[in-house]
Amino acid sequence: MALNGVDNKGPMGLKSIATWLNENNIRTRDGGRWGLGAVHQVLTRTTYVGQHRFNTRDHKTKTPKPESEHAVMEVPAIVSEAEFEAVQRSLKARSPKMMAPMAVGGPTLLTGICFCACCGGAMTLRTGTSSIGREYRYYTCSTKARQGATGCPGITVPMDRLNEAVVDHLEARLLDPARLEALMDQILERRDEWVNQRREHVADLERRATEAEAKLKRLYDAIENGVIDVNDSSLKDRIAELTATRDQAKGDAERALAHIVKIGPAITPDSLRAFATALRKKLRNDDGTFARDQVRAVAQRVEVVSRKEVRIRGLRSELLRTLTAASGVEAAVLGVRAFEPKWRTRKDSNL
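Please read all numbers here as calculations on a predicted model, not as lab measurements.

Student: Could you give me a rundown of the pattern of salt bridges, with the residues and numbers involved?
Tutor: All chains considered together, the criterion is met by 14 salt bridges. Through salt bridges with shared partners, a single network forms among Glu164, Asp168, Glu171 and Arg284.

Structure follows, in structure tokens:
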């Protein structure tokens, strides 16, 4: 429900999920009703991706302990890492610390991501009524609305026209498979480089483990043949050192290899084509309205320059995260949000 909603009608927030569970008489494991805290706990529990955590709080004060002190036990995973990470990003984006609640839960498609290119102020919804009682809805510069034309010349655009223009452009230009392939080329090269580096690292660790194992074998052979005195005070320390080196290298190699495996199959032109087709359908709901979360997954900022010109900006890293989550794979290298190249690379390419 957090990712796709009920019957794939769009992602749902904590309150919507809790309400649906309670209305459908689905109880917590203790038989109680669902609240925001209980839903949030389920969506953020790493147990479901195979890492069950102990010792996370001080038993006296109940305060959280540093993550370095957590004890982690591997358990069978029932949710993929890609799905889990996609939900964490969604929760973070919906957090009031990141975006105002009205922008997250309101009905307006571009609230919170639409800005006036002239002053940088937010474009907010304004309504008006004609002489025959028909209601009109507009996006208008909030600076001009507060301060008048002296604050900003301002722009006012009919809401329906701007919504339609943005979604049409995303469908026709951004979600064209050939364009996606060109946009993703550089960042996918980084992904492949990362995989190759990790494979070299795994090979180095395996060599280290093999060398330590060979030294241990020679040491045991020497003991067996009487070449080394078993009472030598340094013998025990040397065996312990080689054993620790071997075990550490083996463990590190297994973990690094598991991370590579999680990345899954390479993103190909066919998978890009399938992703583009599926996302085009998801940009609009069955009733003709726009799917806000799907739009925001590929466009993080809309700048209104004039009534005829709009810039749509987005991070390539966010586009790749959306792509990899939809494909059920993991986006390597891109774990930390940073200043990534924008997919609107040239002024004339996305107007």
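Student: Now, about the side chain of Glu303: what can you tell me, with residues and values included?
Tutor: Residue position: Glu303 is located in strand β7 (residues 301-304). Accessibility expressed as a relative area gives 10% for Glu303, which makes it buried. At 2.8 Å, the side chain of Glu303 and the side chain of Arg301 are in polar contact. Only 3.2 Å separates the side chain of Glu303 from the side chain of Arg313, close enough to count as a polar contact. Not counting chain neighbours up to four residues away, the residues in contact with Glu303 comprise Phe115, Ala117, Glu309, Val310, Arg311 and Arg313.

Student: Mind laying out the confidence of the model for the chain, listing which residues take part and the relevant values?
Tutor: In the predicted model, the chain carries a mean pLDDT of 78, and 82% of its residues have values of at least 70. This model gives residues 98-105 a pLDDT under 50, and the stretch forms 18 contacts once residues within four places in sequence are excluded. Low pLDDT, under 50, characterises residues 329-341; the predicted model gives this stretch 35 contacts beyond four residues in sequence or across chains.

Student: Can you lay out the packing of helix α1 (residues 14-23) against helix α2 (residues 36-44) for me, pointing to particular residues and giving the numbers?
Tutor: Close contact between α1 and α2 brings their axes to 9 Å; oriented N to C, the two are set at 105°. Classified by the angle their axes make, α1 and α2 are roughly perpendicular. Listed contacts from α2 to Leu14, Lys15, Ile17 and Ala18 of α1 are Leu36, Val39, His40 and Leu43. Class assignment for the residues of the contact of α1 with α2 results in six nonpolar, one polar and one charged.

Student: Provide a residue-level description of the environment of Thr108, including the pertinent values.
Tutor: Within the secondary structure, Thr108 is located in the loop between α4 (101-105) and β3 (114-116). Residue Thr108 is classed as buried on the basis of its relative accessible area, which comes to 8%. Between the alpha carbons of Thr108 and Arg292 there is a distance of 8.2 Å; along the sequence they are 184 residues apart. In this view, Thr108 contacts Leu125, Tyr139, Met159, Arg292 and Arg296; residues no more than four positions away in its chain are not counted.

Student: Explain the packing of aromatic side chains to me, and be specific about the residues and the numbers.
Tutor: Under the defined criterion, the tally for this structure stands at one aromatic pair. Centre to centre, the rings of Tyr136 and Tyr138 are 6.5 Å apart; their planes meet at 25°, and the pair counts as stacked. The class for Tyr136 is partly exposed, based on a relative accessible area of 33%. Sitting over the face of the ring of Phe115, Arg301 holds its NZ or CZ atom 4.1 Å from the ring centroid.

Student: Give me the lowdown on unusual backbone geometry, citing residues and values where you can.
Tutor: The residue Asn25 is not glycine, and still its phi comes out positive at about 60°. Exposure remark for Asn25: the relative accessible area of 53% places this residue in the exposed category. At Asn55, a position not held by glycine, the phi torsion is positive, near 55°. The residue Asn55 is located in the loop between β1 (51-54) and β2 (71-74) in this model.

Student: Residues and numbers for the nonpolar core, please.
Tutor: With 34 residues, the main nonpolar core has Leu110, Leu162 and Leu170 as its most contacted residues. If you list the elements that add at least two residues to this core, you get β3, β5 (135-141), α6 (159-174), α7 (177-224), α9 (269-282), α10 (292-298) and β7. Here the element with the most residues in this core is α6; it accounts for six residues. Counting ten residues, the second largest nonpolar core, distinct from the first, contains Met12, Leu21, Val39 and Leu91.

Student: Go over the sheet that holds β7, please, and point to the residues and values.
Tutor: Whenever strands of a sheet pair, they do so through backbone hydrogen bonds, lying parallel or antiparallel. Pairing is mixed across the open sheet formed by three strands, whose spatial order is β3-β7-β8. Since the sheet does not close on itself, it has two edges, and those belong to β3 and β8 (310-313), each with one partner. Along the sheet, successive strands turn relative to each other by an average axial angle of 25°, direction set aside. Here β7 pairs with β8 via four bridges, running antiparallel. Bridge pairing in β8 links Val302 to Ile312. On the sheet, α6 packs against β3, β7 and β8 and is oriented at approximately 50° with respect to β8.

Student: Describe the pairing of β7, with residues and values.
Tutor: Note that β3 and β7 share three bridges and pair parallel. Across the sheet, Cys114 pairs through a bridge with Val302, a residue of β7. Taken together, β7 and the strand that follows it, β8, pair antiparallel across an intervening segment of five residues.

Student: A description of α9 should follow, citing residues and the corresponding values.
Tutor: When the terminal C-alpha atoms of α9 are compared, their 20 Å separation across 14 residues agrees well with the 20 Å that a helix rising 1.5 Å per residue should span. Taken together, the buried positions of α9 are occupied by Leu272, Phe275, Ala276 and Leu279. Looking straight down α9, one finds that the buried residues subtend no more than 100° of arc, so they occupy a single side. Residues of α9 that are exposed and point more than 90 degrees away from the buried face comprise Asp270 and Lys281.

Student: Account for the sheet that holds strand β6 (residues 156-158), naming residues and giving values.
Tutor: As summarised here, the arrangement of the three strands in space is β4-β5-β6, forming an open sheet in which the pairing is antiparallel. At either end of the open sheet lies a strand with only one pairing partner, and these are β4 (123-129) and β6. Put simply, the sheet's adjacent strands are angled 35° from each other on average, direction ignored. Inspection of the sheet shows β5 paired to β6 by three bridges, in the antiparallel sense. Among the inter-strand pairings, Tyr139 is bridged to a residue of β6, identified as Val157. Contacting β4, β5 and β6, α6 runs over the sheet at an angle of about 75° to β6.

Reading guide: rules and limits
Residues numbered from 1 in each chain as written. Predicted model: local features only at pLDDT ≥ 70, side-chain atom pairs only at ≥ 80, totals over all residues. Heavy atoms only, no water. Salt bridge = Lys/Arg side-chain N within 4 Å of Asp/Glu carboxyl O. Helix = DSSP H or I, 4+ residues; strand = E, 2+ residues; numbered from the N terminus. Buried < 20%, exposed > 50% of the residue type's maximum accessible area, 1.4 Å probe, protein only. Polar contact = N/O pair within 3.5 Å; in protein donor to acceptor, adjacent residues only side chain to side chain. Contact = heavy atoms within 4.5 Å. pLDDT = per-residue confidence, 0-100. Axes fitted to C-alpha atoms, helices over the stretch in contact; angles between N-to-C directions. Parallel < 35°, antiparallel > 145°, perpendicular 65-115°, else oblique. Nonpolar A, V, L, I, M, F, W, Y, C, P; charged D, E, K, R; others polar. Phe/Tyr/Trp six-rings, centres within 6.5 Å; stacked < 30°, edge-to-face > 60°. Lys NZ or Arg CZ within 6 Å of the ring centre and 35° of its normal. Core = buried A, V, L, I, M, F, W, Y, C linked by side-chain atoms within 4.5 Å. Pairing = 2+ DSSP bridges. Expected span 1.5 Å × (residues − 1). Arc of directions from axis to C-beta.

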